[in-house]
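# Tertiary structure, described
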Amino acid sequence: MSDALTASATALPGIGKVRAAAYARLGIHTVEQLLYHFPRAYENRGNIVTLAAAPEGERCALLLTVATEPRISLIRRGMSLLKFRAYDDSGTAEITYFNQDYLKNTFHLGATYRFYGKVERFSGGRVKQFTLSSPAAEPWDEDKPLPALYPVYPLTEGLSQKQMAQGMSAALSLTAENRGDTLPDDIRRDMELATLSYALRNIHAPEDLPSLAIAKRRLIFDEFFRFSLGTAIMARQARTACAVACTQNDLSDFRAALPYSLTGAQNRVIEQICRDMASTTPMRRIIVGDVGCGKTVCAAAAMLIAAQSGRQAMLMAPTEILARQHAADLSELFAPMGLRVALLIGATPAAQKKMIYEALSSPDPTRRIDMVVGTHALLTEGVTLAAPALVITDEQHRFGAGQRAALAEKNRDMHMLVMSATPIPRTMALMLYGDLDLSRIDEMPPGRQRVDTFVIGESYRARLQAFIRKQIGEGGQVYVVCPAIEERECEPDEVTLDELFSPESASRPPLKAAVTYTEELRDALPELRDTIAYLHGGMKSREKDDIMHRFAAGQIKILVSTTVIEVGVNVPNANLMIVENADRFGLSQLHQLRGRVGRGKRKSYCVLVSDAQGETARARLETMRTTYDGYRIAEEDLALRGPGDFFRVGSGVAIRQSGGIRFRLADLCDDSDLMTSAATAARTLLESDPELRDHPRLRRTVEELFCVDSGTLS
Ligand code: ADP
Ligand code: MG
């Protein structure tokens, strides 16, 4: 059985090399992965309407009887038209198919078919004319009812719905004898959940709506259950590992060196860190707090605590820009104390890398680098610390659960601190970070002002330019963020169920790309021409660094960029954030972007430019205008877009590449009851079988979810 699932998808009839390549683009390599490629929506072909009653512009199902022999005509070279008439009690329709001559023999005069498509009307003379072009059609037999719900799959080039459905039905029949279920029987019965084979069959080919609901419930439970198992296993491992106790935690010099005094919340968190790190049980802590609340300084304190015990610390950031900034800030703070801070990113020259490796692993404490800051280059490169004690990840939400697992695995005996500015609703935090102790920074440094936010359309362009001039004239600086075409991810497999029903994706205004936009802006503001620069992910690291540096130094007044500046960037003099095509961004992402301004003394503004007319888009932008609390924005984001999007906010690629969290069906808001019971069930199971030895298949699915090699979770 298990063999049938892990077999390559090419084992299925009809899936050859070419088709397999298309599947691979969707991340589907095995039969099992195919089965877990869930429909993003279902067509309801069960509501049969008459031609006369067919809704305008919407697909619908009709029962029509063929009235004329199908005929093929050549329209022009390479283009043929198959045409016939079919009727019901309310009228007659002309049915056409382009370039599908082979369908000619599937339609028989006098036979009835269930058609599914859009009905168009023409009023020619006295009779109403209906047409249906290229509708789906199935022979209709009163005695053998057709299924009502048809799956609609996320697709990729080279795969049609039909082919996907065929592949799926082959996969389902191959696994029909599935007796093995990943879920232990007693849990399944206690929770009144369907079997896995029932669930898989009905998620793809639902008998009816109630069966679909039952299937979904089982699969959602599975998602939560596996995730809970994974985090619980990680937590247990941490408890059994042994870290170095860093007991030297006198921070008075540190406090004195800071240009401000810490907030109550920061002090509280630092105290928690001191306590954690003084123990041999490895710290596993997450600091969650809104943008700008001052998490970095808590991380710095932790790094200093490690250093005071003669140990080393590592800080990992999701972008090079942020890594550079952290390295610079930490050097400034710690160099006067005689500590050595190094930066290690992909762009670091090889020779320098080698020196850093050596200095990190040096047995001689006087030659040793005390703190290293970098991107995930820290994970992949041959970094070994001579005296490791602490590893920190900044902006955790940018990394996936997989990277966290990898990091935890690589550094099992180290204290671990993660920071996240994405305000995560409580239930979700429990799920995602169940293995971590939570510290919340719920207080902003004093003197922070609210960033006044405006939503404007294209017609305000001239006024916006005048406003830019004014701000710069008064000494301020401006960020302009554009969605970048070249960086935009296109992941057809990630469309959520809800999205299908959102009509907005269709006609969107053209996107402003950073480079062209910069030119436009230079033309519009000629006197500022030389102080406008752009920044995007495709640029060389050195260039990016140079531009960021000149922006921070105030030489560049307007920085046009893609979302590369989204996380962490800190230039307190910047006071105007303009987001072009703002409707293209997630709310939490907009909140992050807005958090780049309002960091200094200047009155700050955020201008969201959007001409999107859709109701949801307007509602979302309105939320940004009226809400300043990151948590509320996150909740709204979830309510308006669903968790699939939430996790994709600005970081889809990063999360996916790192094999992060992908709840395919579960909605972390609606399904929180199921989530709680899944977490309880996971805990109970692990009590009797901590390593899932008796449940190898379940174990494998957990490992896969966390994208770790077999064995990592043992
Ligand atoms: P985030 O939590 O988003 O990572 P940062 O750590 O980057 O926030 O801090 C944002 C800004 O606030 C920085 O410029 C930092 O120097 C400043 N800051 C942090 N803590 C305080 C404080 N207690 N008082 C005043 N300013 C602070
Ligand atoms: Mg930060």
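Relevant structure appears above.
The sections below set out a description of the structure shown in this document. The structure displayed is predicted, hence computed values, not measured ones.

The next subject is the packing of helix H11 (residues 320-334) against helix H19 (residues 541-552). Each pair of packed helices can be summarised by the angle the axes make with each other and by the distance between the axes. Between H11 and H19, whose axes approach to 10 Å, the crossing angle comes to 55°. In terms of orientation, H11 lies oblique with respect to H19. As for the relative orientation of H11 and H19, their crossing is right-handed in sense. Across from Glu320, Ile321 and Arg324 in H11, the residues of H19 making contact are Ser541, Lys544, Asp545 and Met548. Grouping the amino acids of the contact of H11 with H19 by side-chain chemistry returns two nonpolar, one polar and four charged.

Burial in helix H2 (residues 17-25) covers these residues: Ala20, Ala22 and Tyr23. Here the buried residues of H2 occupy an arc of 160° about the axis, which is enough to place them on one side. Residues of H2 that are exposed and point over 90 degrees away from its buried face: Lys17, Val18 and Arg25. The inward-facing, buried residues of H2 contact helix H3 (31-35) and helix H4 (161-174). Where H2 ends, the next residue or the one after it, Gly27, has phi of about 80°, a positive value.

This part covers the environment of Ala389. Relative to the elements of secondary structure, Ala389 occurs in strand E15 (residues 388-393). The exposure class assigned to Ala389 is buried, which follows from its relative accessible area of 2%. Separated by 82 residues in sequence, Ala389 and Ala307 have C-alpha atoms that sit 8.8 Å apart. Apart from residues lying up to four places away in sequence, Ala389 is in contact with Cys246, Ala306, Arg311, Gln312, Met414 and His415.

Our next topic: the nonpolar core. Among the nonpolar cores identified, the biggest contains 45 residues, and Phe254, Ile273, Met277, Phe334 and Leu390 are the most heavily contacted of them. Contributing elements (two or more residues each) for this core: helix H9 (264-277), helix H10 (296-308), strand E12 (312-316), H11, strand E14 (371-374), E15 and strand E16 (415-420). The element best represented in this core is H10, accounting for 11 residues. Beyond its immediate chain neighbours, meaning those up to four positions away, Met277 contacts Val244, Ala245, Cys246, Met283, Ala302, Ile305, Ala306, Leu390 and His415. Within the second largest apolar cluster, 30 residues are counted, among which are Ala533, Ile565, Ala582 and Met624.

Rules behind the numbers
Residues numbered from 1 in each chain as written. Chains lettered and ligands numbered in written order. Predicted model: local features only at pLDDT ≥ 70, side-chain atom pairs only at ≥ 80, totals over all residues. Heavy atoms only, no water. Axes fitted to C-alpha atoms, helices over the stretch in contact; angles between N-to-C directions. Helix = DSSP H or I, 4+ residues; strand = E, 2+ residues; numbered from the N terminus. Parallel < 35°, antiparallel > 145°, perpendicular 65-115°, else oblique. Left-handed = near helix turned anticlockwise from the far one by under 90°. Contact = heavy atoms within 4.5 Å. Nonpolar A, V, L, I, M, F, W, Y, C, P; charged D, E, K, R; others polar. Buried < 20%, exposed > 50% of the residue type's maximum accessible area, 1.4 Å probe, protein only. Arc of directions from axis to C-beta. Core = buried A, V, L, I, M, F, W, Y, C linked by side-chain atoms within 4.5 Å.

In short, geometric facts, not functional conclusions.
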